[in-house]
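Residue-level listing of the chains:
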Amino acid sequence: MTDKLVRESSITRKTNETDITLSFGVDGTGQTTLETDVPFLNHMLDLFAKHGQFDLNVDAKGDIDIDDHHTVEDIGICLGQTLREALGDKRGIKRYASVFVPMDEALAQVVIDVSNRPHFEYRAQYPSSQVGSFSTELVHEFLWKFALEARITLHVIVHYGQNTHHMIEAVFKALGRALDEATSIDPRVQGVPSTKGVL
């Protein structure tokens, strides 16, 4: 009997702009401890983890007296790096996923390839530039840095919506569900799911 593969990772990143400790478990139960200076991001990360069944702990402090940009960006970087490390050589994963999630009047789609080729496509137009104190342009910043550091291909499409909060919420729920599916182990997959033999 072999031990079950433990797919988890943690990171500490400290710069002149942010101080972040983050741990991420792929095969979790949706448990989160989120302490950042950006309340809206806390909410979105909680949704991402709950819908992906990931365990996520984030303790982040940043220069929010300037704005939220550095904190949001650096959390995206840390999350991407821990995902990449947790997945290891990616043996047995499904690799691809496409998920639609509605949130009332809004509909978002997230398509993922755990490809080791970082690429990001983003199609979203929000009715407002802010949700509370949170700038909607930071959604792009977070997702792009996450995809880059995780080395995944990530396509995010918000098909329609009227409420900006609902639209962004649908994105993070869809991201969690798509990533859960793409990283899940398929017993039919022998080795790495690529004709190249490596991801």
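Right above here is the structure, for reference.
Residues numbered from 1 in each chain as written. Predicted model: local features only at pLDDT ≥ 70, side-chain atom pairs only at ≥ 80, totals over all residues. Heavy atoms only, no water.

### Here we look at the sheet that holds strand β7 (residues 119-123)
Part 1 of the argument: Strand order in the open sheet made by the four strands is β5-β6-β10-β7, with mixed pairing throughout. Both edges of this open sheet fall to β5 (96-103) and β7, since each of them pairs with a single strand only. Each adjacent strand pair in this sheet contributes to an overall mean axis angle of 10°, direction not counted.
Part 2 of the argument: This element, helix α4 (residues 164-183), spans β5, β6 (106-113) and β10 (153-160) of the sheet and lies at about 150° to β5. (Pairing = 2+ DSSP bridges. Helix = DSSP H or I, 4+ residues; strand = E, 2+ residues; numbered from the N terminus. Axes fitted to C-alpha atoms, helices over the stretch in contact; angles between N-to-C directions. Contact = heavy atoms within 4.5 Å.)

### A word on helix α2 (residues 69-87)
An α-helix turns once per 3.6 residues; consequently, residues spaced three or four apart project the same way.
Part 1 of the argument: Between its first and last C-alpha, α2 extends 27 Å over 19 residues, near the 27 Å set by a 1.5 Å rise per residue.
Part 2 of the argument: Summarising burial for α2: 15 of the 19 residues are buried, a large majority.
Part 3 of the argument: Gly-88 occupies a position one or two residues after α2 and carries a positive phi of about 60°. (Expected span 1.5 Å × (residues − 1). Buried < 20%, exposed > 50% of the residue type's maximum accessible area, 1.4 Å probe, protein only.)

### Structural notes on the packing of aromatic side chains
Part 1 of the argument: Summed over the entire model, instances satisfying the criterion amount to eight aromatic pairs.
Part 2 of the argument: With a centroid separation of 4.9 Å and 40° between ring planes, the pair formed by Phe-40 and Phe-134 is classed as tilted. With Phe-40 in helix α1 (residues 39-52) and Phe-134 in strand β9 (residues 134-135), this residue pair connects regions lying 94 residues apart in the sequence.
Part 3 of the argument: Accessibility expressed as a relative area gives 10% for Phe-40, which makes it buried.
Part 4 of the argument: Grouped by ring-pair contacts, the aromatic residues Phe-24, Phe-48 and Phe-54 constitute a single cluster. (Phe/Tyr/Trp six-rings, centres within 6.5 Å; stacked < 30°, edge-to-face > 60°.)

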